[in-house]
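Descriptive analysis of the structure
Residues per chain are reported as follows:
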Amino acid sequence: MTDHTLAVVILAAGQGTRMKSARAKVLHELAGVPLVGHVLATAEDLGAAHILTVVRHEREAVAAEVLRRSPDATIVDQDEVPGTGRAVEVALEALPADFDGRVVVLSADVPLLDAATLRSLISAHRDEGNALTMLSAIFDDPSGFGRIVRSAEGSFEAIVEHKDASPEQLAVREVNAGVYVFSAGHLRDALGRVGTENAQREKYLTDAASVIREAGGRIEAMPVRDHWLVAGINDRVQLAAAARELNARIIRRWQMAGVTILDPASTWIDRDATLAEDVELFPGTQIKGATKVERGAIVGPDTTLVDCEVGENAVVKRTDATLAVIGAGATVGPFAYLRPGTILGADGKIGTFVETKNANIGEGSKVPHLSYIGDTEVGVGSNVGAGTITANYDGVNKHRTVVGSHVRTGSHNVFVAPVRIGDGAYTGAGTVVRKDVPAGALAITAAPQRNMAGWVGTHRPGSAAAEAAEASGEGSGEA
């Protein structure tokens, strides 16, 4: 349900220079989803009536990704005034003038924070009548983080940024996690009185806490036990560490749901993938994008599936597949390459060293070995011989090959598209099919074989081949 008293502001304006990338930091991916996408999903889970994303660096790319994932979100542009305080201030200006609810402030580079933790924070804020409630964390090494300063009695006093902290404050291990719930009225008033008198000459959001406290507003900082929930991503080392942690959590979740994962350390599963009970994943497997694997299927080892569908009890081993559909009971691999548009019917087979693209292979049909099948339709119960090539490209346009049902094609065939092989037809080994083959016909294009007797002895005298032929007693004779 939509909570009309709740707004979420996502800070996504930073440049992220430590990523050393032409791409905005918040567009780097974690488990197949950009950092900002994780935060948007959390905001959506809260049911907030207003989701506002503040952008600046790589504005167009970030805004496009935000709206793709959350079409009802509001894009807010940060102006020339630097600092998180100004970013939140411009977001407040984009809210309805009469909005007087709670404002949650999140950072687009903190992807592992979940909705359950935020709901607890929002509930505490409401139940305790706070003007500001924030998350904190206790670190052994708090370097670089703003410190939570408390009184001797333990009540909140201030947030002090690392660069502005005294030696005594730098010794504090409780740090600001950068996750806040404000009462809108207190926040508007406080930001109106925050200046830029600090080492960075920025308008800090953290300074609003001091203003709120001086005005008598109640503030509470709630430490989290799980530091990963508030871990920010600033460079590629941190991105990789967060990826490992999130992947481990995803794997545990699927294991608890009935999926066998033989080697969690070498298995990667994206956030949007779906696995059914009794799926088995072997080592070296990557389940990426929105891939869906049905009950009893076996995937791996050494397999990558991107946005694929795998049916019940299918087996896919040592395969690279993208945007492919694999039917129930089908087998794929080893060493198969399924390109977009591949559809393999139930109980079908795509075998060793086979590449397919934009191919619909019917129920029970097989392409077992060493073949390229592109822009092709195969009926039911057919067998495509080893070494078959569909010559689907004439240098300008792509053309389709249609193979009927219960067809048997010989090894080392070439189908020069556009061409159709009728139901129940056969083709001989080495055949180049340039014309349609009627149903039930046999197509062959091989020339009659001619044996030239004695050729080796005449043209390769003294060779090991000539000596072997002569020793066999069959190496002489007329051509």
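Note: the structure precedes this text.
Residues numbered from 1 in each chain as written. Predicted model: local features only at pLDDT ≥ 70, side-chain atom pairs only at ≥ 80, totals over all residues. Heavy atoms only, no water.

A side chain of one charge can pair with a side chain of the opposite charge if their charged atoms are brought near each other. Overall, the coordinates contain 26 salt bridges when judged by the stated rule. For D127, the salt bridge goes to R126, with nearest N and O atoms at 3.4 Å. Looking at D127, the relative accessible area reads 60%, which means it is exposed. R126 gets classed as partly exposed once you look at its relative accessible area, which sits at 49%. (Salt bridge = Lys/Arg side-chain N within 4 Å of Asp/Glu carboxyl O. Buried < 20%, exposed > 50% of the residue type's maximum accessible area, 1.4 Å probe, protein only.)

Right, let's talk about the side chain of E89 for a bit. With respect to the helices and strands, E89 occurs in helix α3 (residues 84-94). Ignoring sequence-local partners within four residues, the contact set of E89 consists of L191, G192 and K203. (Helix = DSSP H or I, 4+ residues; strand = E, 2+ residues; numbered from the N terminus. Contact = heavy atoms within 4.5 Å.)

What follows covers the environment of V62. Within the secondary structure, V62 sits in helix α2 (residues 59-69). Given the relative accessible area of 0%, V62 is considered buried. Spatially, the C-alpha atoms of V62 and G16 are 13 Å apart, while their sequence positions differ by 46 residues. Every residue in contact with V62, bar those within four places of it in the chain, is listed here: A12, A24, V26, L27, V55 and H57.

If you look at the biggest cluster of nonpolar residues, it comprises 55 residues, and the most contacted ones within it are I269, L281 and I326. Listed by contribution, the elements that provide at least two residues to this core are α8 (236-256), β25 (336-338), β27 (349-361), β28 (366-378) and β33 (419-421). With sequence-adjacent residues up to four places away left out, I269 is seen in contact with A31, N247, I250, I251, W254, I261, L275, L281 and I287. Counting residues in hydrophobic clusters, the runner-up holds 37 residues, among them V8, L46, V104 and F139. (Core = buried A, V, L, I, M, F, W, Y, C linked by side-chain atoms within 4.5 Å.)

Let's shift gears to the sheet that holds strand β31 (residues 408-409). If you trace the three strands from one edge of the open sheet to the other, you get β31-β34-β36, paired in parallel fashion. Edge positions in the open sheet fall to β31 and β36 (442-443), since each of these has one partner strand only. Summarising the sheet, strand β34 (residues 426-427) and β36 pair through two bridges and their orientation is parallel. The partner of Y426 across the bridge, within β36, is L442. (Pairing = 2+ DSSP bridges.)

Our focus in this paragraph is the packing of aromatic side chains. If you walk through the whole model with that rule in mind, you get three aromatic pairs. Plain terms: the ring middles of F139 and F145 are 5.1 Å apart, the flat faces sit at 75° to each other, and that makes the pair edge-to-face. Plain terms: the ring middles of F335 and F353 are 5.2 Å apart, the flat faces sit at 10° to each other, and that makes the pair stacked. A residue pair is termed long-range when its members are at least 10 positions apart, and F335 in the loop between β24 (331-332) and β25 and F353 in strand β27 qualify at 18 residues. (Phe/Tyr/Trp six-rings, centres within 6.5 Å; stacked < 30°, edge-to-face > 60°.)

The next thing to look at is unusual backbone geometry. Following G333, the chain continues to P334 via a peptide bond in cis, the omega torsion being 5°. Here P334 is to be found in the loop between β24 and β25. For the bond running from A417 to P418, omega is 0°, close enough to zero to count as cis. As for its position among the elements, P418 is in the loop between β32 (414-416) and β33. Even without glycine at this site, E58 takes up a positive phi of about 50°.

Here we take up the pairing of strand β10 (residues 174-183). Across the ten residues that make up β10, a large majority, ten, are buried. The pairing of strand β6 (residues 102-107) with β10 spans four bridges and is antiparallel. Among the inter-strand pairings, R102 is bridged to a residue of β10, identified as S183. Two strands pair when backbone bridges link them, and strand β7 (residues 132-138) and β10 are joined in this way by six bridges, in the antiparallel orientation. By the bridge assignment for β10, I138 is matched with E174.

For any two helices packed against each other, one specifies the crossing angle of their axes together with the interaxial distance. Interaxial distance between helix α1 (residues 35-46) and helix α4 (residues 115-127) falls to 9 Å at its minimum, and their mutual angle equals 50°. Judged by the inter-axis angle, α1 sits oblique to α4. For the pair α1 and α4, the crossing hand works out as right-handed. Residues T42, D45 and L46 of α1 lie in contact with α4, whose contacting residues are A115, L118, R119 and I122. Along the lines of polarity and charge, the residues of the contact of α1 with α4 split into four nonpolar, one polar and two charged. (Axes fitted to C-alpha atoms, helices over the stretch in contact; angles between N-to-C directions. Parallel < 35°, antiparallel > 145°, perpendicular 65-115°, else oblique. Left-handed = near helix turned anticlockwise from the far one by under 90°. Nonpolar A, V, L, I, M, F, W, Y, C, P; charged D, E, K, R; others polar.)

With that out of the way, let us pick up the pairing of strand β4 (residues 48-55). Taking burial as the measure, the eight residues of β4 include six buried ones, the bulk of the element. Examined bridge by bridge, strand β1 (residues 3-12) and β4 share seven bridges and lie parallel to one another. Among the inter-strand pairings, D3 is bridged to a residue of β4, identified as A48. Pairing analysis gives four bridges linking β4 to strand β5 (residues 74-77), with the strands arranged parallel. Looking at β5, one finds that L52 is bridged to T74. Taken together, β4, α2 and β5 form a β-α-β motif whose crossover is right-handed. (Right-handed = clockwise from strand over helix to strand, strands pointing away.)

Tracing the backbone shows S365 in the loop between β27 and β28. Residue S365 is classed as buried on the basis of its relative accessible area of 1%. At a separation of 3.1 Å, a polar atom in the side chain of S365 contacts the main-chain amide nitrogen of G381. (Polar contact = N/O pair within 3.5 Å; in protein donor to acceptor, adjacent residues only side chain to side chain.)

No statement about biological role is implied by the geometric values presented.
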